[in-house]
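Okay, here's what each chain looks like letter by letter:
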Amino acid sequence: IKKDGAKEPFNPEKIKKAVRSAAVQAGFPEEEVNKEIGKALAAVMQSVSTKEEISTTEIRGIVLGAISGVVKAAWETYEQQK
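Everything numeric in this text was worked out from a predicted model, so none of it was measured.

Caption draft 1: Region of the structure containing helix H3 (residues 56–66). Buried within H3 are the following residues: Ile 59, Ile 62, Val 63, Leu 64 and Ala 66. Contact partners of the buried residues in H3: helix H1 (12–25), helix H2 (30–48) and helix H4 (69–81).

Caption draft 2: Geometry of the side chain of Glu 36. Tracing the backbone shows Glu 36 in helix H2. Ignoring any residue separated from it by four or fewer positions in sequence, one finds Glu 36 in contact with Val 19, Phe 28, Ile 67, Ser 68 and Val 71.

Caption draft 3: Highlighting the pattern of salt bridges. The full count for this structure, using the stated rule, is nine salt bridges. Of the charged contacts in the structure, one is a salt bridge between Glu 30 and Arg 20, with a shortest N-O distance of 2.9 Å. A residue pair is termed long-range when its members are at least 10 positions apart, and Glu 30 in helix H2 and Arg 20 in helix H1 qualify at ten residues. Residue classification places Glu 30 among the partly exposed residues on the basis of a relative accessible area of 46%. Relative accessible area serves as the criterion here: at 31%, Arg 20 is assigned to the partly exposed category. Linking Glu 36 and Lys 39 is a salt bridge whose minimum nitrogen-to-oxygen distance equals 3.0 Å. Residue Glu 36 and its partner Lys 39 are both found in helix H2; the two are separated by three residues, about one turn of the helix. Glu 36 sits in the buried class, given a relative accessible area of 3%. The network of salt bridges with shared partners includes Glu 31, Glu 32 and Lys 35.

Caption draft 4: Expanded view of the nonpolar core. If you look at the biggest cluster of nonpolar residues, it comprises 19 residues, and the most contacted ones within it are Ile 15, Val 19, Val 44, Val 63, Ile 67 and Trp 75. Looking at this core, the elements that each hand over two or more residues are H1, H2, H3 and H4. At six residues, the largest contribution of residues to this core is made by H2. Filtering out sequence-adjacent residues up to four positions away, Val 44 remains in contact with Phe 10, Ile 15, Ile 59, Ile 62 and Val 63.

Procedures and definitions
- Residues numbered from 1 in each chain as written.
- Predicted model: local features only at pLDDT ≥ 70, side-chain atom pairs only at ≥ 80, totals over all residues.
- Heavy atoms only, no water.
- Buried < 20%, exposed > 50% of the residue type's maximum accessible area, 1.4 Å probe, protein only.
- Helix = DSSP H or I, 4+ residues; strand = E, 2+ residues; numbered from the N terminus.
- Contact = heavy atoms within 4.5 Å.
- Salt bridge = Lys/Arg side-chain N within 4 Å of Asp/Glu carboxyl O.
- Core = buried A, V, L, I, M, F, W, Y, C linked by side-chain atoms within 4.5 Å.

Dropping the structure here:
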């Protein structure tokens, strides 16, 4: 469920893209980028599997809780610049 109330199917590619961007911005090598993506996706998939609907805000919180501090900081910097 989007912030505006619109509903759309869960798309793990959006999480991969966002985490990849943040990890690259944080200077992580490709192997570490993939580990960060894996951690984020595993955490989100675990939560999504037990729910019929999940908000983007909730997904964001799960992702930020799963990724490393440096990547989290890069993610938050990106969000502030949008």
